[in-house]
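# Examining the three-dimensional arrangement
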Amino acid sequence: MSAAVTEDLLIVGAGGFARETAQAVRDVAAADAARGRAPRWRLAGHLDDDPALHGREVDGVPVPGGCELVHELPAARVVVCVGSPRDYAVRARLVRRLGLPADRYATVVHPTAAVSGSSVVGPGSVLLAHCVLTAGVRVGSHVAVMPQVVLTHEDEVCDFATLASGVRLGGGVRVGRGAYVGAGALVREYASIGAWSLTGMGSTVLGDVPAGEVWAGSPARLLRPAGATALAELARDAGGSGGAPCGRAGDAPVPAGAPAHGTEDGTGPNGRRPQTRMESPVV
């Protein structure tokens with residue numbers, strides 16, 4: 001069945017994550033065409049505040065101007081694709097600055113991603129190639145899920161979190177608001193990754209990572225406090241101005257044609273998240 005409408009899509013950002021998202025949108029369009037459907041989106045451009053990019057193209061996609069152009073194109077859907085380990089709070093700041101309603105945001109799911117019918121994905125989130133969401137997984141809003149990430153039963157990933165490529169979460173893991181989990185990290189079942197924390201690439205997380213800290217290694221250990229921008233967001237949340245510490249996964253479904261989503265709430269079979277804390281062994 002053909003999609004009713006092909007919508008314009010603006011990608012805020014023009015760096016690596018934004019380019020990967022643009023490619024995912026192209027792959028979604030190719031999958032739609034293969035199924036005889038109209039494309040879900042038309043790539044309307046990258047928006048970036050770097051004036052050196054204005055009027056140019058990034059991988060064939062125009063950069064017409066800065067981020068504020070979203071307000072001049074009210075019919076276009078938007079996805080914010082910025083952030084890096086050096087400043088992983090920038091996506092939250094930019095979403096706050098733009099002040100768009102939730103229904104302006106698209107949810108981009110690569111056609112090779114496997115999203116179970118009992119999982120939910122919030123607005124503004126991006127799931128890249130070969131991600132797996134197995135059962136009862138909740139992904140909040142504006143979450144970046146990079147290629148080959150595996151989220152298993154009852155995992156919860158809160159708003160603005162980033163899961164870099166190859167991350168594996170055991171069952172019942174909670175990734176707090178704005179947390180960054182580095183490439184190839186492994187997280188033990190029912191562990192908690194605190195809000196605005198950073199977990200280093202290749203880490204093995206056997207216990208809880210507190211909010212606002214940087215942990216790395218195998219097993220992961222505390223290295224230092226998080227950077228200033230992440231700590232500023234943590235303080236903002238604690239002050240009550242940043243919304244709920246862990247936003248609920250969005251009520252809006254992922255784009256038409258993606259697997260249907262249910263309403264599992266990410267709790268255990270008894271209706272409560274287990275309060276288990278795994279301590280790292282002495283090595």
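Residues numbered from 1 in each chain as written. Predicted model: local features only at pLDDT ≥ 70, side-chain atom pairs only at ≥ 80, totals over all residues. Heavy atoms only, no water.

### Some words on the sheet that holds strand 6 (residues 108–109)
Taken in spatial order, the eight strands line up as 6-9-12-15-18-21-23-24 in an open sheet, and their pairing is mixed. Both outer strands of the open sheet, strand 6 and strand 24 (220–225), are each paired with one neighbouring strand and no more. Taken together, the two bridges between strand 12 (residues 144–145) and strand 15 (residues 162–163) define a ladder with parallel strand orientation. Bridging from a neighbouring strand, Ala 144 pairs with Thr 162 of strand 15. (Pairing = 2+ DSSP bridges. Helix = DSSP H or I, 4+ residues; strand = E, 2+ residues; numbered from the N terminus.)

### Things to note about the pairing of strand 2 (residues 41–47)
In this structure, strand 1 (residues 7–12) lies alongside strand 2, joined through six bridges in parallel fashion. Bridging across to strand 2, Asp 8 finds its partner in Arg 42. After leaving strand 1, the chain enters helix 1 (residues 16–34) and then returns to the sheet as strand 2, a path that is right-handed. (Right-handed = clockwise from strand over helix to strand, strands pointing away.)

### Thoughts on the sheet that holds strand 10 (residues 132–133)
Judged by pairing direction, the sheet is parallel, and its six strands sit side by side in the order 7-10-13-16-19-22 without closing on themselves. Strands with a single pairing partner mark the edges of an open sheet, and in this sheet they are strand 7 (114–115) and strand 22 (204–205).

### Thoughts on helix 2 (residues 90–98)
Taken residue by residue, helix 2 has Arg 91, Ala 92, Leu 94, Val 95 and Leu 98 as its buried positions. The buried residues of helix 2 all sit within an arc of 165 degrees when viewed along its axis, so they share a single face. Buried residues along helix 2 sit against strand 1, helix 1, strand 5 (77–80), strand 12, strand 15 and helix 3 (228–238). Positive phi shows up at Gly 99, right after helix 2, with a value of about 65 degrees. (Buried < 20%, exposed > 50% of the residue type's maximum accessible area, 1.4 Å probe, protein only. Arc of directions from axis to C-beta. Contact = heavy atoms within 4.5 Å.)

### Quick notes on the packing of aromatic side chains
As enumerated under the stated definition, the model contains one aromatic pair in all. Measuring from centroid to centroid gives 5.8 Å for Tyr 88 and Tyr 180, while their planes differ by 50 degrees, and the two rings are tilted. Taken together, the residues Tyr 88 in the loop between strand 5 and helix 2 and Tyr 180 in strand 18 (residues 180–181) connect sequence positions 92 residues apart. Each member of the pair Tyr 88 and Tyr 180 is classed as buried. (Phe/Tyr/Trp six-rings, centres within 6.5 Å; stacked < 30°, edge-to-face > 60°.)

### Structural notes on the confidence of the model for the chain
The predicted coordinates of low-pLDDT regions are not to be read in fine detail. Here the chain shows a mean pLDDT of 87. Residues at 70 or above account for 83%. Counting contacts from residues 247–283, a segment whose pLDDT is below 50, to residues more than four positions away or on other chains yields 74 contacts. (pLDDT = per-residue confidence, 0-100.)

### Quick notes on the environment of Trp 196
Position of Trp 196 among the secondary structure elements: in the loop between strand 20 (192–193) and strand 21 (198–199). In this structure the C-alpha to C-alpha distance between Trp 196 and Ala 235, which are 39 residues apart in sequence, comes to 10.0 Å.

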